[in-house]
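Listed here are the chains, written in short residue letters.
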Amino acid sequence: MAEEAEELRALREQPAPRIVPFQDGDKDGSSPDPSTKSSSTWKQQLLAGCSPTKRLPILSWIRRYEVEDALSDLIAGVTLGLTMIPQSIAYATIAGLPSQYGLYAAFMGSLVYVFCGTVREVSIGPTSLMSLLTLQYTAGRPLQYVIVLAFTSGLVELAMGIFRLGFLVCLISVPVTSAFTSATALIIIGAQLGNLLGLPRASTDGGFFATVWSVLHRLPDTAPGDATLGIGCMVILIALQYLPRLVPAGRNRRLHRILWYVSLARNALVVLLATLLAHHLSDTPGGVPFRLSGRVEPGIPTFEWPVQGVTANGTTTTFLEITAELGSGLLLVPLVAVLANVAIAKAFAADGGAVDATQELIALGLCNVIGACFRAMPTTGAFTRSAVSHASGVRTPLSGLYSALLTLLALGVLTPYFYYIPRATLAAVLIVAVASMLDLALVRRLPRSPASLADLLAWTVCFAVCLVRGVEVGLLCGMAVSLLEPLRHWVWPRAHCTTDPSHRLIRPHLGLLYPGVDRLRAVVLAEARAHRAPIVLDCAQFVALDYSAVRALRELADEVERLGGTLRLANVRATWQQALQLHETTDHPAGTWVFRRPEGSAPPVVAQQAAMKDMAQKPASSMMSPSPP
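These remarks concern the structure in this document. Since the model is a prediction, treat every value here as computed from it, not as a measurement.

### A word on the pattern of salt bridges
Evaluated as defined, the whole model comprises 7 salt bridges. Between Glu527 and Arg504 there is a salt bridge, with the nearest N and O atoms lying 2.6 Å from each other. With Glu527 in helix H25 (residues 517-530) and Arg504 in strand S8 (residues 504-508), this residue pair connects regions lying 23 residues apart in the sequence. Arg504 carries the same exposure label as Glu527, and that label is buried. Arg507 is the partner of Asp538 in a salt bridge, and the nearest nitrogen-oxygen pair spans 3.1 Å. Here Asp538, found in strand S9 (residues 535-538), pairs with Arg507, found in strand S8; they are 31 residues apart in sequence, far enough to count as distant. The exposure class assigned to Arg507 is partly exposed, which follows from its relative accessible area of 28%.

Next up, the structure:
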């Protein structure tokens, strides 16, 4: 999709809208004036954060909406809708849901984001990641579990937005994100192989390798009709993807644009042609030689408050019991959803600008909360659809309204024809769509500088665990391994040692916190034993100190003096000088600090010499004779 965006950028003369990653602060990206910030009270900040124009961005840009914007949004919205409808149906099948649940999520996500969203490219709806996670936590359970998962995920996302917790996704490194999405793509491809080949559904719950082994074991049962249709649809989809390259924009701009629009609508075209073929064959004596999707419930469901239980097999499960059974999904599903939205913002960050992180999290939460009231599955921003929206020349989030109306039209009018959509065609659409998520080329770049083997280890662990134990466990394991690298720098801080004519200089590379105290103590004492010159500890690179570090530095100064040396600190921040109880030295080297001692107390080396002298003056007999009772 990035190639399509580049081709469109060559066609258009005006620059593309500017988008940047999420960041807190003002919407225009400028830093607030400290004096203004200090003078404003918390009540004023709260009222400003709750203002209608802040939480309903449509009130700001709708006043500047023009006819040219409406035309661009209409084209982008229709193009996006043609992509969204077949994808939403296919993503519902990944989650093990009826097809209409994907359309419910696409309709409500697009509609709510029109009023609350700030990034015009973002398309909220069902995605492969959300579908796979939904299947992980709700497989074999009533549909109400899916609704509750969407509702609680929206509440968590709202809380993250209100309390500005979007920074938590920064704990997930790029290699872990790449491994997570690549493993997810492989899992989806493996799960769709059965539909592509027309194999009977197997109850395999052993992960990716068990699924692939099950498919290989049942290859003799392949249905020729499904396999031929599915592979043929994949070939057509890949060919349509590269269709605009046949006529470069420099040779014939108009024809190139036509081919480009045909390429964007390739999913809808393939699904439409396959459906027409199935409808035609249904009237023939031989019937349809491949499996069909089946009946789809028409219309939009009525409003239904999701905080209620479900009765199955004569047993009623309350809302709280459902949330308890969902377990870690209540946190992992919204975390992955936020991660996807942040990744989309970073993908469009090359042009500059600013995005309100808090508002984006609130918008995502509202899409899931309101969508759950209309039986929608969990949603988030979609990589592919957002790239299609950007490439279609979208101007404002109002393009989502046209996508929502197109989805509503499909639910109200076209649902009888969804019965004839072949399952093999939906499998082909999914496999081709998620194949672009595979990022195996990153593995070759990770061992090279400035990357490290720790990044490669994090990628490998996340990728392997996702395939073997599931994506939720793999993501957590990848995060844990990736955090070992920054933790290593705090536990084993590096220090650069140099010798000046009058002293020995030690320059640590990081701030000193309690995990790295013992390491720095060993380095300083080793230098003190090897060199009798004063030891100067350069604090210029220190970014943080805690109580353990402050206490350790004072004790370290005493140990150095016991060895016959002196420990001095250089480049100490003014705010730390009082906490460390330092006073500036008058001798060389200038500008260094030593610890202030209480009045009347002797330095450790003097006290040690005095104690040894007292011990030597005592008679040996008094030391050996027992004390009187």
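### Describing the nonpolar core
In this structure, Phe180, Leu326, Val336, Phe418 and Leu475 are the most contacted members of the largest nonpolar core, which totals 112 residues. Aside from chain neighbours lying at most four places away, what touches Phe180 is Leu129, Val336, Cys462, Cys466, Val471 and Leu475. Counting 26 residues, the second-largest nonpolar core is a separate cluster that includes Ala552, Ala557, Leu580 and Trp593.

### Some words on the environment of Asn252
Here Asn252 shows up in the loop between helix H12 (224-241) and helix H13 (253-264). Accessibility expressed as a relative area gives 33% for Asn252, which makes it partly exposed. A polar contact is formed between the side chain of Asn252 and the backbone nitrogen of Arg254, at a distance of 3.3 Å. Looking at Asn252, its side chain comes within polar contact range of the main-chain nitrogen of Leu255, at 3.1 Å.

### Quick look at the environment of Ala95
Residue position: Ala95 is located in the loop between helix H6 (67-94) and helix H7 (99-116). Along the sequence, Ala95 and Leu129 sit 34 residues apart, while their C-alpha atoms lie 9.8 Å from each other. With near-sequence residues (within four places) excluded, Ala95 lies in contact with Ser131, Thr134, Leu135 and Met377.

### Some details on a nonpolar patch on the surface
Together, Leu71, Leu74, Ile75, Val78 and Leu82 make up an exposed nonpolar region whose accessible area comes to about 370 Å². Looking at Leu74, the relative accessible area reads 36%, which means it is partly exposed.

### Quick notes on unusual backbone geometry
A positive phi angle is found at Arg164, which is not glycine, with a value near 55°. Here Arg164 lies in the loop between helix H9 (144-162) and helix H10 (174-197).

Reading guide: rules and limits
Sequence positions are assigned chain by chain, starting from 1 and proceeding in written order. Given that this is a predicted model, residues contribute local features only at a pLDDT of at least 70 and side-chain atom pairs are listed and counted only at 80 or more, while totals for whole chains, interfaces and linings are drawn from all residues. As a rule here, side-chain values cover all heavy atoms of the structure and leave hydrogens and water aside. Salt bridge, as applied in this entry: a Lys or Arg side-chain nitrogen positioned within 4 Å of an Asp or Glu carboxyl oxygen. Only runs of H or I of at least four residues qualify as helices and only runs of E of at least two qualify as strands under DSSP, and these elements are numbered from the N terminus. Three exposure classes are used, based on accessible area relative to the maximum for each residue type with a 1.4 Å probe and protein chains only: buried under 20%, partly exposed in between, and exposed over 50%. By nonpolar core is meant a set of buried Ala, Val, Leu, Ile, Met, Phe, Trp, Tyr and Cys residues that side-chain atoms within 4.5 Å join together. We call two residues contacting when some pair of their heavy atoms lies within 4.5 Å. In the analysis that follows, any N or O atom pair within 3.5 Å is treated as a polar contact, provided that within protein one partner can donate a hydrogen and the other can accept it, and provided that, for residues neighboring in sequence, both atoms belong to side chains. Each patch is built from residues lacking any salt bridge and having more than 30% relative accessible area; the joining distance is 9 Å for like charges and 5 Å for nonpolar side chains (Val, Leu, Ile, Met, Phe, Trp, Tyr). A 1.4 Å probe and the Shrake-Rupley method give the accessible areas. Residues count as covered only by the protein chains that appear here.

Limitation: the analysis is restricted to geometry and does not speak to function.
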